[in-house]
Amino acid sequence: MNVIAVEPGSGEPTVLEKPVPEPAPGEALVRTLRVGVDGTDREVIEGRHGDVPDGDDHLVLGHEAVGVVEDANGTDLEEGTVVVPTVRRPLDGPTEHFERGQPDMAPAGEYVERGIVGAHGFMAEYFTSPAEYLVSIPEELAPLGFLVEPISISEKAIEHAYATRSAFDWRPESALVLGNGSLGLLTLAMFEEVLEYDRTYCLGRRDRPDPTIDIIENLGATYVDSRETPVSQVADAYEGMDVVYEATGYAKHAFETIDALAPNGVGALLGVPEDWTFEVDGGRLHRELVLQNKALVGSVNSHRGHFESAIETLAALPTWFTDDLVTGVYGLEEFERAFSLAEESTFADDDTTIKTAVEFTSI
Ligand code: NAP
Ligand code: BGC
Ligand code: ZN
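Everything numeric here is computed off the predicted structure, so don't read it as measured data. (Residues numbered from 1 in each chain as written. Chains lettered and ligands numbered in written order. Predicted model: local features only at pLDDT ≥ 70, side-chain atom pairs only at ≥ 80, totals over all residues. Heavy atoms only, no water.)

**Some thoughts on the overall build of the protein chain**
A tally of helices and strands in the protein chain yields ten helices and 19 strands. Scaling as 2.2 N^0.38, a compact globule of 363 residues should have a C-alpha radius of gyration of about 21 Å, and the protein chain matches this with 20 Å. Taken over 363 residues, the protein chain has a buried fraction of 52%. Taking all contacts inside the protein chain whose residues are at least 6 apart in sequence as the whole, residues at least 24 apart take part in 72%. When the accessible surface of the protein chain is summed, it comes to about 16,200 Å², and 44% of that surface belongs to carbon and sulfur atoms. In the protein chain, 24 positive and 68 negative side-chain charges are present, and the distance between their average locations comes to 6 Å. (Helix = DSSP H or I, 4+ residues; strand = E, 2+ residues; numbered from the N terminus. Rg over C-alpha atoms; globule rule 2.2 N^0.38 Å. Buried < 20%, exposed > 50% of the residue type's maximum accessible area, 1.4 Å probe, protein only. Contact = heavy atoms within 4.5 Å. Areas by Shrake-Rupley, 256 points an atom, 1.4 Å probe, with all protein chains shown as cover. Lys, Arg positive; Asp, Glu negative; His and termini not counted. Charge placed at Lys NZ, Arg CZ, Asp CG, Glu CD.)

**Overview of the site of ligand 2**
Near ligand 2 you find Asp38, Thr40, His49, His63, Val87, Glu113, Ile116, Glu149, Ile153, Val300 and Asn301, and these make up its full shell. When ligand 2 sits alone it has 310 Å² of accessible area, and the protein chains cover 92% of it. Among the residues making up the shell around ligand 2, the classes are represented as four nonpolar, four polar and three charged. (Near = heavy atom within 4 Å. Nonpolar A, V, L, I, M, F, W, Y, C, P; charged D, E, K, R; others polar.)

**Examining the packing of aromatic side chains**
Enumeration according to the criterion identifies nine aromatic pairs in this entry. The interplanar angle of 80° and the centroid separation of 5.9 Å between the aromatic rings of Phe255 and Phe278 together place this pair among those described as edge-to-face. A residue pair is termed long-range when its members are at least 10 positions apart, and Phe255 in helix α7 (residues 252–260) and Phe278 in the loop between β16 (261–269) and α8 (282–291) qualify at 23 residues. Accessibility expressed as a relative area gives 24% for Phe278, which makes it partly exposed. Consider the rings of Phe335 and Phe339, whose centres lie 6.3 Å apart with planes at 80°: the pair is edge-to-face. You'll find Phe335 and Phe339 in the same group, each marked buried. Grouped by ring-pair contacts, the aromatic residues Tyr250, Phe255, Trp276 and Phe278 constitute a single cluster. Stacked on the ring of Tyr111, the Lys or Arg Arg88 has its end atom at 3.5 Å from the ring centre. (Phe/Tyr/Trp six-rings, centres within 6.5 Å; stacked < 30°, edge-to-face > 60°. Lys NZ or Arg CZ within 6 Å of the ring centre and 35° of its normal.)

**What about the side chain of Thr32?**
On the secondary structure map, Thr32 appears in strand β3 (residues 27–37). Within the local environment of Thr32, its side chain forms a polar contact with the backbone oxygen of Ala124, the two atoms lying 2.6 Å apart. With residues up to four places along the chain from it excluded, the contact list for Thr32 reads Val66, Gly67, Phe122, Ala124, Glu125, Tyr126, Phe127, Phe360 and Thr361. (Polar contact = N/O pair within 3.5 Å; in protein donor to acceptor, adjacent residues only side chain to side chain.)

**Points about the packing of helix α3 (residues 148–164) against helix α9 (residues 304–316)**
Their axes nearest at 8 Å, the elements α3 and α9 cross at an angle of 110°. Compared by their axis directions, α3 and α9 come out roughly perpendicular. For α3 against α9, the interelement crossing comes out right-handed. Along the contact surface, α3 presents Val148, Glu149, Ile151, Ser152, Glu155, Lys156 and Glu159, while α9 presents His306, Phe307, Ser309, Ala310, Ile311, Thr313 and Leu314. Looking at side-chain class alone, the contact of α3 with α9 contains six nonpolar, four polar and four charged residues. (Axes fitted to C-alpha atoms, helices over the stretch in contact; angles between N-to-C directions. Parallel < 35°, antiparallel > 145°, perpendicular 65-115°, else oblique. Left-handed = near helix turned anticlockwise from the far one by under 90°.)

**Describing the sheet that holds strand β2 (residues 13–17)**
The strand order β2-β1-β4 describes an open sheet built from three strands, whose pairing is antiparallel. The sheet terminates laterally at β2 and β4 (59–60), the two strands that pair on one side only. Pairing of strand β1 (residues 2–6) with β4 involves two bridges; the strand directions are antiparallel. Paired with Ala5 across the two strands is Val60, which belongs to β4. (Pairing = 2+ DSSP bridges.)

**A short note on the environment of Tyr197**
Among the secondary structure elements, Tyr197 is positioned in the loop between α4 (182–194) and β13 (199–204). Assessed through its relative accessible area of 5%, Tyr197 is described here as buried. What Tyr197 contacts, discounting residues up to four positions off in sequence, is Tyr162, Pro172, Glu173, Ser174, Ala175, Phe191, Glu192 and Val243. A distance of 2.5 Å separates a polar atom in the side chain of Tyr197 from a polar atom in the side chain of Tyr162.

**So, the packing of α7 against α8**
With their axes 10 Å apart at the nearest point, α7 and α8 run at an angle of 50° to one another. By the angle class used here, α7 and α8 are oblique. Every pair of crossing elements has a handedness; the one defined by α7 and α8 is left-handed. Across the interface between the two elements, Phe255, Ile258 and Asp259 of α7 pack against Arg284, Leu285, Glu288 and Leu289 of α8. Residue composition of the contact of α7 with α8, by class: four nonpolar, no polar and three charged.

**A short note on the UniProt feature "binding site: NADP(+)" (unreviewed entry) in the protein chain**
In the numbering used here, UniProt assigns the "binding site: NADP(+)" (unreviewed entry) feature to Asn180, Gly181, Ser182, Leu183, Arg205, Arg206, Leu270, Gly271, Val272, Ser299, Val300 and Asn301. For the annotated residues, spread through 122 residues, the largest C-alpha to C-alpha distance comes to 27.9 Å, inconsistent with a single compact locus. Looking at the secondary structure, you find Asn180 in the loop between β12 (174–178) and α4. A relative accessible area of 9% means that Asn180 is categorised as buried. What Asn180 contacts, discounting residues up to four positions off in sequence, is Leu185, Cys202, Leu203, Gly204, Arg206, Thr212, Ile216 and Tyr223. Separated by 3.0 Å, the side chains of Asn180 and Thr212 make a polar contact. With respect to the helices and strands, the residue Arg206 is situated in the loop between β13 and α5 (211–218). (UniProt positions renumbered as here; feature names shortened; annotations may be inferred.)

Now the structure itself:
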């Protein structure tokens, strides 16, 4: 079968041939339909995040998958069911977080992440997975099933952000999303369409016309250009925000978020930046957090409950939004386009790329 993999140092994905995997006891064999691409995949390809499996010279990419159970192999699954796999697996046997059903809370060293850290991903014609890590989804959501994993990331982050405010009667009305990439736009849609916030904002650094700014405004949100209004000045330019959701990976935003928050607000940090040393007024920010009851929470990964919420969220998102967000689904013969790697001259719509996926079986 064909797989899309990266060899460390190559800086680009390539197609390799591998045997169809055999499901072990407790595992099912899944025929892959589509696998989405996100900023993390680009970080893995560039060698800024993740790792190949021990003893291997390549990593099969892909952690945002949807597929069909091909061989249930004696598990509780039914052949033909559409499933989405979760990402984390135990490294050396289950630890307490896996046993409690919360692998997303496991510390580094206890887990691998399929397609990212130490385990092959789902960009393959077939993959196997323990049945307990496969979440079934309604058949009609199959074409967009690759959005379940990224939405689940925000389900978890928002759950944790709300949990930090659960000790008082908190009634959030405003949210600022930092980043107009695919994670940022999906999350903005959640604040608008599912949580129904009164005021939503999304920060980017692009000139108009730009398709992401069109999506932001069609959702009813306000576009904030970070070159004109840095995050540290958002509260003065607009208002303090009840929630800030950081999805840029730009490390200064973690600290500037404190200033962008309204009293009692909470910031959720999702980006995975590289090392970067810079100055901050730590005393002022510390004081601001304390005297204004503000909170910051980091959040990574997600698990079954978040996937189940994400399935409901996906079903609730308007069709125009997912149509505009998903700018391309590409077969194996043109998979480079899903990573925006093709020569710029070969297609004119390169700068309209937002969310893409590779298709392994046509739907
Ligand atoms: P992405 O497509 O690379 O999106 C990042 C967006 O942020 C881009 O649109 C970029 O704008 C914008 N941006 C970066 N720096 C900015 C700045 N200084 N001012 C304004 N806008 C800025 O990545 P993604 O897939 O949406 O993911 C976003 C981040 O979340 C990444 O760091 C990724 O690693 C992380 N992530 C974390 C988790 C988790 O579990 N914690 C899960 C998924 C992703 P341009 O395109 O104009 O450059
Ligand atoms: C994935 C998560 C993963 C995180 C860190 C994200 O892109 O969606 O499942 O935990 O990267 O590796
Ligand atoms: Zn991801």
